Amino acid sequence: MQTTTPTAAAAAPKPFKPRSRYRSLEFVLGALLTGVMVLLVLSSGWLFPDGGESMDLAARLMAPFSSAAHPFGTDPLGRDVLARVIVGGKISLMVGFASVLGGALLGIIMGLIAGYYRGFWDMIVMRFADVQLALPFILVAITFIAILGGGLYNVIFFMIVSQWVQYARLVRAQVLALREREFVLAARAFGVRDLAMIRHHIVPNLLGPLVILMTLNVANNILLESSLTFLGLGVDPMIPSWGGMLADGRTYMQTAWWVSVFPGLAIMLTVLGLNLLGDWLRDRLDPTGKV
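Note that the structure is a prediction, hence the values are computed from the model and not measured.

Draft legend 1. The arrangement of the pattern of salt bridges in detail. Enumeration according to the criterion identifies 8 salt bridges in this entry. For Arg127, the salt bridge goes to Asp130, with nearest N and O atoms at 2.9 Å. Note that Arg127 and Asp130 are positioned in helix α5 (residues 119-134) at a spacing of 3 residues, about one turn of the helix. A relative accessible area of 34% means that Asp130 is categorised as partly exposed. What you see here is one network of salt bridges that share partners, running through Glu53, Asp75, Arg79 and Arg84.

Here it is, written out as structure tokens:
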């Protein structure tokens, strides 16, 4: 019978992973798109002190690349489209990140209570989550905005309230599995209190799936904010935002396509970058190591 020596085994070629090179490209492209957009948005106050609101009616609807001063052209009021795209990204990114952080915090707390303590609290949290998931999103959004009104903070609050459920369900499922693991049972046998158990043994094992979900939801919430603002249910139309720019330019699609196309491209590239980062994180944090 032929045996394999340790030297031969070490010299044997490693199995080819077809996704390894793709994962590297995925990360580089995602980090580049997201990083450039975030950097531009953070620098918007320095790049455009006027907030992109300077009007020049003599230069209204100027085509892209026809002037060095307005590389993306101008809108119907003669405002620079490039400046408004970069300044408007501040609102979209703020809504995306703030709503995800708020929704994740609320969902983690509810999921930990439901999964760790089970019984009455589990039933209350999960039944409330089931009822909320059964409600049509757009109907809830219209009702919410009709009662409380639009505006930046109301949009963020609505997204937090409407999205905590997915974090709660994910955390609950993970906690139900973790609470029966040997290291948790051993810690409980040594008399570790519930708060210390959750902080030191449960929460650290939840970070991988949560980071992936949060990354993907930032992209999703940017799209939601743009959609709500486009429909008139989002932030104040007077505040530059990507959704508001799309709404303002829809009547000029045949004569001044750039008013809507460039903010649409900004949304697409930002969401693409965040989704690529989310996919890369999912592969890197996959516990099976099969990707």
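That was the structure; now back to the text.
Draft legend 2. Structural view of the side chain of His70. With respect to the element layout, His70 can be found in the loop between α3 (44-47) and α4 (81-117). Judged by relative accessible area, His70 falls into the buried class, the value being 16%. In contact with His70, not counting residues within four places along its chain, are Met62, Ala63, Phe65 and Asp80.

Draft legend 3. Examining the packing of aromatic side chains more closely. Summed over the entire model, instances satisfying the criterion amount to 9 aromatic pairs. Summarising the aromatic geometry, the rings of Phe27 and Trp280 are spaced 4.4 Å apart at their centres and angled 35° between planes, so their arrangement reads as tilted. With Phe27 in helix α2 (residues 20-42) and Trp280 in helix α12 (residues 258-284), the pair connects residues that are 253 residues apart, well separated along the chain. Arranged with centres 5.7 Å apart and planes meeting at 85°, the rings of Trp257 and Trp258 form a pair that is edge-to-face. Since its relative accessible area comes to 5%, Trp258 is described here as buried. Every member of this aromatic cluster is reached through a ring pair, and the members are Phe72, Trp257, Trp258 and Phe262. Between Arg250 and the ring centre of Phe230, over which it is positioned, the NZ or CZ distance is 5.0 Å.

Draft legend 4. Main features of the nonpolar core. Ranked by size, the top nonpolar core spans 34 residues in total, and within it Val85, Leu112, Val175, Ile202, Leu206, Ile222 and Trp242 carry the most contacts. Where this core is concerned, the elements lending two or more residues are α2, α4, α7 (152-178), α8 (182-189), α9 (194-202), α10 (207-230), α11 (242-249) and α12. Among residues more than four places away in sequence, those in contact with Leu206 are Leu112, Val171, Gln174, Val175 and Leu178. Of all hydrophobic cores here, the second largest spans 15 residues; its members include Ile91, Ala141, Leu152 and Val235.

Draft legend 5. Geometry of a nonpolar patch on the surface. The grouping of Leu32, Val36, Leu40, Trp46 and Leu47 at the surface amounts to a nonpolar patch, some 520 Å² of accessible area in total. Elements with a minimum of two residues in the nonpolar patch: α2 and α3. Broken down by element, the nonpolar patch gets its largest block of residues, 3 residues, from α2. Along the chain, the position of Leu47 falls in helix α3.

Definitions and limits used
- Residues numbered from 1 in each chain as written.
- Predicted model: local features only at pLDDT ≥ 70, side-chain atom pairs only at ≥ 80, totals over all residues.
- Heavy atoms only, no water.
- Salt bridge = Lys/Arg side-chain N within 4 Å of Asp/Glu carboxyl O.
- Helix = DSSP H or I, 4+ residues; strand = E, 2+ residues; numbered from the N terminus.
- Buried < 20%, exposed > 50% of the residue type's maximum accessible area, 1.4 Å probe, protein only.
- Contact = heavy atoms within 4.5 Å.
- Phe/Tyr/Trp six-rings, centres within 6.5 Å; stacked < 30°, edge-to-face > 60°.
- Lys NZ or Arg CZ within 6 Å of the ring centre and 35° of its normal.
- Core = buried A, V, L, I, M, F, W, Y, C linked by side-chain atoms within 4.5 Å.
- Patch = residues over 30% accessible without salt bridge, like charges linked within 9 Å, V, L, I, M, F, W, Y side chains within 5 Å.
- Areas by Shrake-Rupley, 256 points an atom, 1.4 Å probe, with all protein chains shown as cover.

Nothing here speaks to function; it is all geometry.
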